[in-house]
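Descriptive analysis of the structure
The lines below spell out each chain.
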Amino acid sequence: MPDVQNFDCAITGAGPAGLAAGLACAEMGLATAVIGPRADPRDGRTAALFQSSVQFLKRLGVWDAIAPAAAPLDAIRLIDATGALIRAPEVTFRASEIGLEAFGYNVPNVVLTSALESATRNHVTHGRLTRVETKAVTALAISDSGVAVTTHEGREFSALLAAAADGRASPSRTAAAITTRAWAYDQSAVVCSFTHSRPHANISTEFHRRTGPLTVVPGPGSTSSLVWVETPTEARRLAELSGDAFAAALAHHLSGLLGQISAVSPRGIFPLSGQTATTLAKNRVALIGEAAHVMPPIGAQGLNLSFRDAATLAEIAAGARGANEDIGSPPVLARYDAARSRDVTSRVWTIDLLNRSLLSEFAPVHLARGLGLFALSAIGPLRRFVMREGVAPALSTPQLMQPPGEPAVRGAATLDAGTAPQA
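All values derive from a computational prediction rather than experimental measurement.

Residue placement: Val 227 occurs in strand 15 (residues 223-230). Remark: the alpha-carbon pair of Val 227 and Phe 270, spanning 43 residues in sequence, is separated by 9.8 Å. Once you skip the residues sitting within four places of it in the chain, Val 227 turns out to touch Ala 189, Val 190, Val 191, Pro 213, Leu 214, Thr 215 and Pro 297.

Laid out in structure tokens, this is it:
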């Protein structure tokens, strides 16, 4: 029989969400293992991280390694390019309106994951964090007293709580008997980066089009990253174009916004879909990241939502441990589900509604979307409220994602199990 290593918390999955969850749990005093394969070093995507996520990475000690490759997002611009009879006004959200230097930063996924991986392997919180690199987790067995994790190589680990960060097809979620609701869109996203002759001025621009959004996000210098949503057939055609032909097509759709396009990186294609779990925690397993929620790449919500999952779970589990509770028990899992379900549901619903409004042929839908954008453009207090909630939801931002010295946010996860949101 192989030796079994024992932990408070076992994180299955080692993408950005899983690595951040492992660091957060260890930072909060929990003996933690992060179990999973290394991320794909060829991932050419970027992540727009809002200030609360940046603050989280600072608390975890990894932001200094990421910052040199990050580009600030000073403003977010929405442009109606649907061609609808009633065109919505252009809306620009500026971070300075809510007292921020930037909404956040655009970060290459490879740089982010590498920094988190390095911190996980070199963590010095009194030996509380163990990184287990494996080809795969092959079994997760749940009992009344804990969770047993077995890897492809035959290593075994036990924990009181498992955090499933193993993706949208999550085997850990299946082992916990948590079901999902999933749907697909007749859309795919073409993703790459490129250089351009005109400055982006640190403004992220999202063109709302009838086939889906086309978003350009500032990168360092005269570079930007692209998420271009089209029908699957058109996305494949675009991805197969030569670099020069693709650059010309992109420049046409940007209407000269960034000038001449060049140096297009290899393009990836990602089918768009959505998925939510029926509960975020059950049978000693808590879901974080895409194991809990999947949504289209609109509004930069995905990874920011995942980091809120990770920080919230760490705080609630640590609070339960401090109160001498079993951190994998039903009451603790219920607190996590209650703390995260509203945030997750509202974000998934909002992104789904916005995406479907672009695809709709029903004129009143476009009128309603246009009126909403007009209200955001014309009504300052409403615009500032939406900006603040987009960057850091008032009722869902845990203390690990708040600047030092900030008062606790009512409704957010806290270390005191008695004051955490109840189911």
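The rest of the description comes next.
Another aspect to go through is the nonpolar core. Proteins that are soluble and globular tend to have nonpolar side chains buried together. Counting residues in hydrophobic clusters, the biggest one holds 82 residues, and the most contacted among them are Phe 56 and Leu 57. Of the residues forming this core, the biggest block, nine residues, is contributed by helix 8 (residues 302-322). Of all hydrophobic cores here, the second largest spans 18 residues; its members include Phe 194, Val 216, Trp 228 and Ile 261.

Another aspect to go through is the packing of aromatic side chains. Each aromatic ring pair is described using two quantities: the centre-to-centre distance and the angle formed by the ring planes. Enumeration over the complete set of coordinates arrives at four aromatic pairs. With a centroid separation of 5.7 Å and an interplanar angle of 65 degrees, the aromatic rings of Phe 56 and Phe 307 are classed as edge-to-face. Placement of the pair is Phe 56 in helix 2 (residues 51-59) and Phe 307 in helix 8, with a sequence separation of 251 residues. For Phe 307, a relative accessible area of 0% gives the class buried. Centroid distance Trp 228 to Phe 246: 5.6 Å. Interplanar angle 50 degrees. Geometry classified as tilted. Of this pair, Trp 228 sits in strand 15 while Phe 246 is found in helix 7 (residues 243-253), placing the two residues 18 residues apart along the sequence. Its relative accessible area of 0% is what places Trp 228 among the buried residues. Above the plane of the ring of Phe 246 lies Arg 267, whose end atom (NZ or CZ) is 4.7 Å from the centre.

Further remarks concern the environment of Ile 203. Of note, Ile 203 is situated in strand 13 (residues 203-208). By relative accessible area, Ile 203 is classed as buried at 12%. Separated by 129 residues in sequence, Ile 203 and Asp 74 place their C-alpha atoms 5.9 Å apart. Residue contacts for Ile 203: discarding those within four places in its chain leaves Ala 75, Arg 77, Arg 94, Val 216 and Pro 218.

With that settled, consider the confidence of the model for the chain. Detailed reading of the predicted model is not advised wherever pLDDT is low. Per-residue confidence for the chain gives a mean pLDDT of 87, with 84% of residues at or over 70. Overall, residues 407-423 carries pLDDT values under 50, and its contacts beyond four positions in sequence, including any with other chains, amount to 43 contacts.

On to the pairing of strand 17 (residues 268-277). Here nine bridges tie strand 12 (residues 180-196) to strand 17, and the two strands are oriented antiparallel to one another. Its bridge partner lying in strand 17, Ala 184 is registered against Ser 273.

Next up on the list: the sheet that holds strand 3 (residues 46-50). With antiparallel pairing, the three strands of this open sheet are ordered in space as 3-7-4. Each edge of the open sheet is held by one strand with a lone partner, namely strand 3 and strand 4 (71-73). Adjacent strand axes in the sheet meet at a mean angle of 30 degrees when their direction is disregarded. Pairing of strand 4 with strand 7 (residues 104-108) involves three bridges; the strand directions are antiparallel. Along strand 7, the bridge assignment pairs Pro 72 with Tyr 105. Packing against the sheet, helix 2 makes contact with strand 3 and strand 7, and its axis sits at approximately 95 degrees to strand 3.

Turning our eyes to something else, we now look at the environment of Asp 337. Secondary-structure assignment places Asp 337 in helix 9 (residues 330-359). Sequence separation between Asp 337 and Thr 279 is 58 residues, and the spatial gap between their C-alpha atoms is 6.7 Å. At a separation of 2.9 Å, a polar atom in the side chain of Asp 337 contacts the main-chain amide nitrogen of Leu 280.

In this structure, Thr 120 sits in helix 4 (residues 109-121). Apart from the residues lying within four places of it in its own chain, the contact partners of Thr 120 are Leu 19, Leu 23, Val 34, Leu 129 and Arg 131.

Conventions adopted
Residues numbered from 1 in each chain as written. Predicted model: local features only at pLDDT ≥ 70, side-chain atom pairs only at ≥ 80, totals over all residues. Heavy atoms only, no water. Helix = DSSP H or I, 4+ residues; strand = E, 2+ residues; numbered from the N terminus. Contact = heavy atoms within 4.5 Å. Core = buried A, V, L, I, M, F, W, Y, C linked by side-chain atoms within 4.5 Å. Buried < 20%, exposed > 50% of the residue type's maximum accessible area, 1.4 Å probe, protein only. Phe/Tyr/Trp six-rings, centres within 6.5 Å; stacked < 30°, edge-to-face > 60°. Lys NZ or Arg CZ within 6 Å of the ring centre and 35° of its normal. pLDDT = per-residue confidence, 0-100. Pairing = 2+ DSSP bridges. Axes fitted to C-alpha atoms, helices over the stretch in contact; angles between N-to-C directions. Polar contact = N/O pair within 3.5 Å; in protein donor to acceptor, adjacent residues only side chain to side chain.

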